[in-house]
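Structure at a glance
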Amino acid sequence: FLTPARIEGGRAFWQSHAELLRRAERDYGVPPEVVVAIIGVETSYGGNLGRHRVIDALTTLGFAYPPRADFFRRELEAFLLLSREEAIDAAQVTGSYAGAVGKPQFIPSSYRAFAVDFDGDGRRDLWRSDADVIGSVANYLRLHGWRSGEPVALPATLTPEARAAVAADGLPVARKDPVNPATPAGELARRGVTTAEPMDPAAPAALLALDGPEDEFWIAFNNFYVVTRYNRSNLYAMAVHQLGREIKALYLATESRQAAANQGSAD
């Protein structure tokens, strides 16, 4: 997900909707880079909304996929109710193979529960209204426990003693989805897990290991867990976090260059 095209697409989306993103942060406490990154990961800012007819996908999964049939039958019901509530043509809507729809790829029950009419036109339109898309993603995260001003995750360095404790299962490390931040960050620091940025020692945290040639360690906080409520995957949450960070850096650099150019013109 950390491609130049997706990072630039996020910068452009942010620039086009800067005021909406500021309003969403003010109303819901979720920073722009997180909202933009989720839309970027889900559909490349609306470039890939899915090609499966939702009514077909949910009917097939609800009646021909026994392991999760009950779940998808409930989603089918939610989709039909949503179609009536939002005046959607249920026979025409396309989405993912699992029935997720719109630029933020909400499943129908999430659409009904968390989507908001952020542009005030009387409808919640997650296809054509970027205002509704931005507000809905921010509202989803807020209602799942997002804490304004708190970090998502920080790269971690382990002392040799901490690495030995991880190897011996003496220091809990999260590898399964989703991560569960339940250890005070100060306790991790006491046991040899450090970060370049300061941490609130009382903040619930978890030591997260990502597989690679060598394990890559991070400290994940409550907001990291909240992103996994959108998709129950630690890798998904890390993709959102890292993409958002790259988008923010490019956006700020672009804004700085533009301000300098404007100042030069004025001089």
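Above: the structure in question.
Now for a quick tour of the structure.

**Some remarks on the sheet that holds strand β3 (residues 153-155)**
Adjacent strands of a sheet form backbone hydrogen bonds with each other and so pair up, either parallel or antiparallel. Strand order across the open sheet formed by 4 strands is β3-β8-β7-β5, with antiparallel pairing between neighbours. Two strands bound the open sheet, and with one partner strand each, they are β3 and β5 (183-184). Pairing analysis gives 6 bridges linking strand β7 (residues 204-210) to strand β8 (residues 216-221), with the strands arranged antiparallel. By the bridge assignment, Leu 207 is partnered in β8 with Ile 219.

**Observations concerning helix α3 (residues 32-43)**
Compared with the 16 Å implied by 1.5 Å per residue over 12 residues, the 17 Å span of α3 between its first and last C-alpha is a close match. Within α3, the full set of buried residues consists of Pro 32, Glu 33, Val 34, Val 35, Val 36, Ala 37, Ile 38, Ile 39, Gly 40, Val 41 and Thr 43. Buried-residue contacts for α3 involve α1 (4-16), α2 (18-28), α7 (130-143) and α11 (234-266). Once α3 ends, the next one or two residues include Ser 44, with phi positive near 50°.

**Some remarks on the pairing of β7**
Where burial is concerned, most of β7 is hidden: 6 out of the 7 residues are buried. As paired strands, β5 and β7 are joined by 2 bridges and run antiparallel to one another. Counterpart to Pro 184 in the pairing with β7 is Pro 204. Once β7 ends, the chain turns through 5 residues before running back antiparallel as β8.

**As for the packing of aromatic side chains**
In the structure shown here, the tally under the stated rule is 10 aromatic pairs. Look at Phe 71 and Phe 72: their rings are 4.9 Å apart centre to centre, the planes differ by 80°, and that puts the pair in the edge-to-face class. Here Phe 72 falls in the buried class, since its relative accessible area comes to 6%. The aromatic ring of Phe 71 is capped on one face by Arg 68, whose charged end is 4.4 Å from the ring centroid. Sitting over the ring of Phe 63, Arg 73 keeps its end group 5.6 Å from the ring centre.

**Considering the environment of Pro 67**
Tracing the backbone shows Pro 67 in the loop between α4 (54-64) and α5 (69-85). Residue classification places Pro 67 among the exposed residues on the basis of a relative accessible area of 63%. With 24 residues separating them in the primary sequence, Pro 67 and Ala 91 have C-alpha atoms 26 Å apart.

What counts as what
Think of each chain on its own: its residues are numbered from 1, step by step along the sequence as written. Under the rules for a predicted model, residues below a pLDDT of 70 receive no local features and side-chain atom pairs below 80 are neither given nor counted, while totals for whole chains, interfaces and linings still include all residues. Side-chain numbers come from the whole structure's heavy atoms, not from hydrogens or water. Following DSSP output, two strands are said to pair if at least two bridges run between them. Each helix is a run of DSSP H or I of at least 4 residues and each strand a run of E of at least 2, with the numbering of both proceeding from the N terminus. Expected span, for any helix, means 1.5 Å times one less than how many residues it has. When a residue's accessible area, from a 1.4 Å probe over protein chains only, is under 20% of the maximum for its type it is buried; when over 50% it is exposed; and in between it is partly exposed. Contacts were defined at the residue level, with two residues in contact if any of their heavy atoms lie within 4.5 Å. For Phe, Tyr and Trp, where Trp contributes only its six-membered ring, two rings pair if their centres lie within 6.5 Å, and the inter-plane angle classes them as stacked under 30 degrees, edge-to-face over 60, or tilted in between. Placement of a positive charge over a ring is assigned whenever Lys NZ or Arg CZ falls within 6 Å of the ring centre and within 35 degrees of the normal to the ring plane.

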